[in-house]
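# Fold and contact review
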Amino acid sequence: MRQPAPDPPELAASQLSPAAAGRVFTLADYGLYLLTVFAWGTSWLALKWQIGVVAPPVSLVWRFSIAAIIMFGWCLIARQPMRFALRTHVRFAALGLFLFCANFMLMYFSAFYLLSGMLAVIFSFAAIVNILLANLVLGDPVRPRVAIGAVIGIAGLSALFWPEISAVGPSEGANGALIGLGLGIIATFSFGIGNMVSAGNQRSGIPVLPASAYGMAYGTTFSAVFAVVSGSAFIIEPTARYLGGLLWLSILSTVVAFWAYLTLLGRIGADRVGYATVLFPIVALAISTVVEGYTWTLAAAGGVVLVGIGNLLVLTRRRR
């Protein structure tokens, strides 16, 4: 019988070294970046269609089950290695726990206490969390230009969502808002830790596709266990709205988005790729303008300008 493959050898330093993260963006990098922002920016509306009949943990089980099946099929078509040592599967399980289960689950429950704008701002702090964790865990240098750009972007997003940030849920009160804030912060750190696991995997030579496939499978398992323990019913809402949103989230916002994001993470570094979490709420608001009649204010427009300035600082290099 064929034995599981050992942990892959280290990649050449020029491929995934911290120094490579400081290089100029290529056309492929921009394409992956825009694809990530678009895929996650459109997920907000689809997520809204999931709330209601089906419990959040169960919706996550359906979402990542579909995504995992597609990812495994993609791996087979692309002839990716699929047999790995046990210690590599521990890495995959960690990826599934932090990136494909905990951060989503906590954000879902945070949404019971906070409005979507506040959630967007909390999650945008992943841009800062990535910078700090990349320095502490991976030893990547903190680049002031990227850090300043991330802070400016978060400030712009805060201005954009200020009406929601200043509002407190009418039924939950201040205590509920604090609970929601705490859950959102933990979810953001969970996302950042998942980023570090993925970056470490890629620096060890583990391909993105099989790592994502196994990660999604483990994440689905963790979500299913939580759903069983919490007594959630494994049902599906048989409506075009729910099923359409589920397919959109599974295929575009999970399979495509995470492949693009995690690939980009390995190419440009965790600090710069984290800025995508600042940009995709802008796409969500643009969609909301058309679909839900969102009304723009002067403060909101100023916030978009700040986000754009932050984006330029993060994605461009200072000329020598």
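Calculation notes
Residues numbered from 1 in each chain as written. Predicted model: local features only at pLDDT ≥ 70, side-chain atom pairs only at ≥ 80, totals over all residues. Heavy atoms only, no water. Helix = DSSP H or I, 4+ residues; strand = E, 2+ residues; numbered from the N terminus. Buried < 20%, exposed > 50% of the residue type's maximum accessible area, 1.4 Å probe, protein only. Contact = heavy atoms within 4.5 Å. Areas by Shrake-Rupley, 256 points an atom, 1.4 Å probe, with all protein chains shown as cover. 1 Å grid on protein atoms, 1.4 Å probe; cavity = no way out; pocket = protein on both sides within 12 Å on 5 of 7 lines; lining within 4 Å. Points joined across faces, edges and corners; volume = space filled by probe spheres on them. Core = buried A, V, L, I, M, F, W, Y, C linked by side-chain atoms within 4.5 Å. Expected span 1.5 Å × (residues − 1). Salt bridge = Lys/Arg side-chain N within 4 Å of Asp/Glu carboxyl O.

This brings us to the overall build of the protein. Scanning the protein from terminus to terminus reveals 15 helices and 0 strands. Here the protein, with 320 residues, has 49% of them falling under the buried criterion. Residue pairs in contact within the protein that sit at least 24 positions apart in sequence constitute 90% of those at least 6 positions apart. A total accessible area of about 14,700 Å² is found for the protein, and carbon and sulfur atoms account for 73% of it.

Okay, empty space enclosed by the protein next. With the rule as written, the count across this model stands at 2 cavities of 30 Å³ or more. The computed volume of the second largest cavity comes to approximately 40 Å³. Every residue lining the second largest cavity is listed: L95, S198, N201, Q202, I206, P207, V208, A211, S212 and L262. Looking at the lining of the second largest cavity, the elements that each hand over two or more residues are α10 (173-203) and α11 (208-229).

Bringing the nonpolar core into the picture now. Within the largest apolar cluster, 73 residues are counted, with the highest numbers of intra-cluster contacts made by Y33, F100 and M216. When residues in this core are grouped by element, the largest group, 10 residues, is from helix α12 (residues 240-268). Sequence-distant contacts of M216, defined by excluding residues within four places in its chain, comprise F64, A67, A68, M71, F100, T254, V255 and F258.

Between its first and last C-alpha, helix α14 (residues 276-291) extends 23 Å over 16 residues, near the 22 Å set by a 1.5 Å rise per residue. All buried positions along α14 are accounted for by A276, T277, V278, L279, F280, P281, I282, A284, L285 and S288.

Before going further, it helps to examine the pattern of salt bridges. Within this structure, the stated rule accounts for 3 salt bridges. Here D140 makes a salt bridge to R203, at a shortest N to O gap of 2.9 Å. With D140 in the loop between α7 (126-138) and α8 (144-160) and R203 in helix α10, the pair connects residues that are 63 residues apart, well separated along the chain. With a closest N to O distance of 2.4 Å, R143 and D271 form a salt bridge. On the criterion of sequence distance, the pair formed by R143 in the loop between α7 and α8 and D271 in helix α13 (residues 270-273) is long-range, its members being 128 residues apart.

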